[in-house]
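Listed below are the residues making up each chain.
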Amino acid sequence: MSDTRFKVSPGGQLTGRLRVPGDKSISHRSIMLGSLANGVTEVSGFLEGADSLATLQAFRAMGVEVTGPDNGHVTIQGVGLRGLQAPAQALDLGNSGTSMRLMSGLLAGQSFDVTLTGDASLSSRPMQRVVEPLSRMGAHITTTHAGTAPLVIRGGEVLHGIDYAMPIASAQVKSCLLLAGLYADGTTCITEPAPTRDHTERMLSGMGYPLRSESGRVCLEGGHRLNAIAIDVPTDISSAAFFLAGACIAPGSDLVLEHVGMNPTRTGVLTILQQMGAAIEVSNRRDVGGEPVADLHVHPAELKGIEIDPALVPLAIDEFPALFVAAACARGRTVLTGAEELRVKESDRIQVMADGLQQLGIDATPTHDGMIIVGGSLTAGRVDSHGDHRIAMAFAMAALRSQGEIEILDCENVNTSFPGFADLAAQTGLSIVSGGP
Ligand code: S3P
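Predicted, not measured: the structure shown is a model, and the values here were computed from it.

Asker: Please clarify how the overall build of the protein chain should be interpreted in this entry.
Answerer: Broken down by element type, the protein chain carries 13 helices and 23 strands. A compact globule built from 437 residues should have a C-alpha radius of gyration of about 22 Å, and the protein chain, at 21 Å, falls within 12% of that. Principal axes of the C-alpha set define a box for the protein chain whose edges measure 60 × 45 × 45 Å. The proportion of buried residues among the 437 residues of the protein chain is 58%. Contacts in the protein chain between residues far apart in sequence, at least 24 positions, make up 75% of those at least 6 positions apart. Here the protein chain contributes 31 positive and 46 negative side-chain charges, whose respective centroids are spaced 2 Å apart.

Quick look at the structure:
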């Protein structure tokens, strides 16, 4: 457990205009695909958080020349699909599930062996969901008995395309298999049970890789090439979500979030907040490099509890910590179902959020696949984020409506997705101090 704590004084309002950092999912993919492309990929708006930096370091360790990040700018000298080199040691991917799951796919097709490791949280997360379909493609990967990292990937295996129906709606699994498919004989097709984020498909297409995508199914053939492009990373709607929820619940707020990624596979948080009665105006819609973006203007609103449509779950999968805080401040009951995946994120987000909300006096009942929250008033209290970045940031926003100070433990990992969160939140109106015990 890290010693970084947030202490957040009650009340305040969020005002002004701000840009949250770059999208984490797109930042990871920019390094991976930029490395495998032919030519020089210039990235702007790159997220300089520990997770995407873990991906960047891993590709450097495999011989890719990467310059930066410098103020969000990264230059990648692509080595082509066959140009990666064996790393001298295991690749440590820290806290980052996206790095591990996506990279296991593309590394399964290399000529060299590689081992992927991570921190305690990542080492407890399920990897069988990628190892099993990759094995069907001909990959050779070993895990612990529990199906967790370290992953030991054997090089030199011949991969074959498969037609795979994913049992869970996971963009990480889909992307992993698409990346393995780049190295496979024949066609790799993936069918998803519900729409999940499609940044991999968009970036592959942007780089000129032929791919067929139609309602819930995507197919590609191995052996084509990727052409380097400029990638302008939008800001991360998953990071914007804390400020969206905060401005909704804090009286007197008036906040504009600029240049927010609005990919329709990511905007479930807006739909859910709007169904709860939020006042969010979307303006200046435009396209940056194949990804839609917009500015979001938020005012406080009297939120009401709702039954969240399970179809929206994959479209808001990372935003539930923030949404649970909004639900705690809403009138009436909010019911979430169909979200068992939250139990295998950086922490068990159902249990950890329910524990924290109860600690703050809220009637929150965890269920096997979601939560029932009855809106009420938040008391002062101390909550444990269990090293989960999104839980730490969500509880920081809860202080906007609490009756006393909220202290949040184990906040170091906020740096994985949102470096500078405490400073930006303080500038925007949250009374937050980040420090030791
Ligand atoms: C991600 C996919 C999601 C999400 C994660 C990032 C991605 O995970 O929770 O933060 O970049 O593909 P799952 O695919 O496990 O749902």
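Asker: What is the right way to read the side chain of Thr-416 from this model?
Answerer: Relative to the helices and strands, Thr-416 resides in helix α12 (residues 414–417). When residues no more than four places from it in sequence are discounted, the contact partners of Thr-416 are Lys-24, Leu-47, Gly-49, Ala-50, Asp-51, Asn-95 and His-389.

Asker: I tried to follow the state of the cysteines on my own but got confused; where do I start?
Answerer: Disulfides are covalent bonds that link the sulfur atoms of two cysteine residues. Considering all chains together, one arrives at one disulfide under this definition. Between the sulfur of Cys-189 and that of Cys-219 lies a disulfide, 2.2 Å long from S to S. Given an S-S torsion of about 110°, the disulfide between Cys-189 and Cys-219 has right-handed geometry. With Cys-189 in strand β11 (residues 187–191) and Cys-219 in strand β13 (residues 217–221), this residue pair connects regions lying 30 residues apart in the sequence.

Asker: Sorry, what's going on with the pattern of salt bridges here?
Answerer: For side chains bearing opposite charge, pairing can occur when the charged atoms are close. As enumerated under the stated definition, the model contains 24 salt bridges in all. Residues Arg-349 and Asp-318 are paired through a salt bridge, measuring 3.8 Å at the closest nitrogen-oxygen approach. You can see Arg-349 sitting in helix α10 (residues 349–359) and its partner Asp-318 sitting in the loop between β17 (291–299) and α9 (320–328), a full 31 residues away along the chain. For the pair shown, Arg-349 and Asp-318 are each scored as buried. Taken together, the shared-partner salt bridges in this structure form one network comprising Arg-125, Arg-197, Asp-318, Glu-346, Arg-349, Asp-388 and Arg-390.

Asker: Looking at this structure, how should I read the side chain of Thr-334?
Answerer: Topologically, Thr-334 is positioned in strand β18 (residues 333–336). Within the structure, Thr-334 has its side chain in polar contact with the backbone nitrogen of Ile-306 (distance 3.4 Å). Contacts of Thr-334, omitting those with residues within four sequence positions, involve Met-276, Gly-305, Ile-306, Ile-308, Ala-327, Met-371, Ile-372 and Ile-373.

Asker: Hey, could you run me through the sheet that holds β17 in this one?
Answerer: Within a beta sheet, neighbouring strands are joined by backbone hydrogen bonds and run either parallel or antiparallel to one another. Overall, mixed pairing links the four strands, which are arranged β2-β15-β17-β16 in an open sheet. Either end of the sheet is taken by a strand with one partner, and the two such strands are β2 (15–18) and β16 (279–288). Strand-to-strand twist of the sheet, defined as the mean angle between neighbouring strand axes without regard to direction, takes the value 15°. Here β2 runs beside strand β15 (residues 254–261); their pairing, made up of four bridges, is parallel. Following the sheet pairing, Arg-17 is matched in β15 by Val-256.

Asker: When you look at the sheet that holds strand β20 (residues 370–374) in this model, what are you seeing that I'm missing?
Answerer: As summarised here, the arrangement of the three strands in space is β18-β20-β19, forming an open sheet in which the pairing is antiparallel. The open sheet has two free edges, formed respectively by β18 and β19 (363–367), since each of these has just one partner strand. In this sheet, neighbouring strand axes are inclined to one another by 10° on average, regardless of whether the strands run parallel or antiparallel. Inspection of the sheet shows β18 paired to β20 by four bridges, in the antiparallel sense. Looking at β20, one finds that Val-335 is bridged to Ile-372. Sitting on the sheet, α10 is in contact with β19 and β20, with an inclination near 165° to β19.

Conventions adopted
Residues numbered from 1 in each chain as written. Predicted model: local features only at pLDDT ≥ 70, side-chain atom pairs only at ≥ 80, totals over all residues. Heavy atoms only, no water. Helix = DSSP H or I, 4+ residues; strand = E, 2+ residues; numbered from the N terminus. Rg over C-alpha atoms; globule rule 2.2 N^0.38 Å. Buried < 20%, exposed > 50% of the residue type's maximum accessible area, 1.4 Å probe, protein only. Contact = heavy atoms within 4.5 Å. Lys, Arg positive; Asp, Glu negative; His and termini not counted. Charge placed at Lys NZ, Arg CZ, Asp CG, Glu CD. Disulfide = S-S within 2.5 Å. Salt bridge = Lys/Arg side-chain N within 4 Å of Asp/Glu carboxyl O. Polar contact = N/O pair within 3.5 Å; in protein donor to acceptor, adjacent residues only side chain to side chain. Pairing = 2+ DSSP bridges. Axes fitted to C-alpha atoms, helices over the stretch in contact; angles between N-to-C directions.

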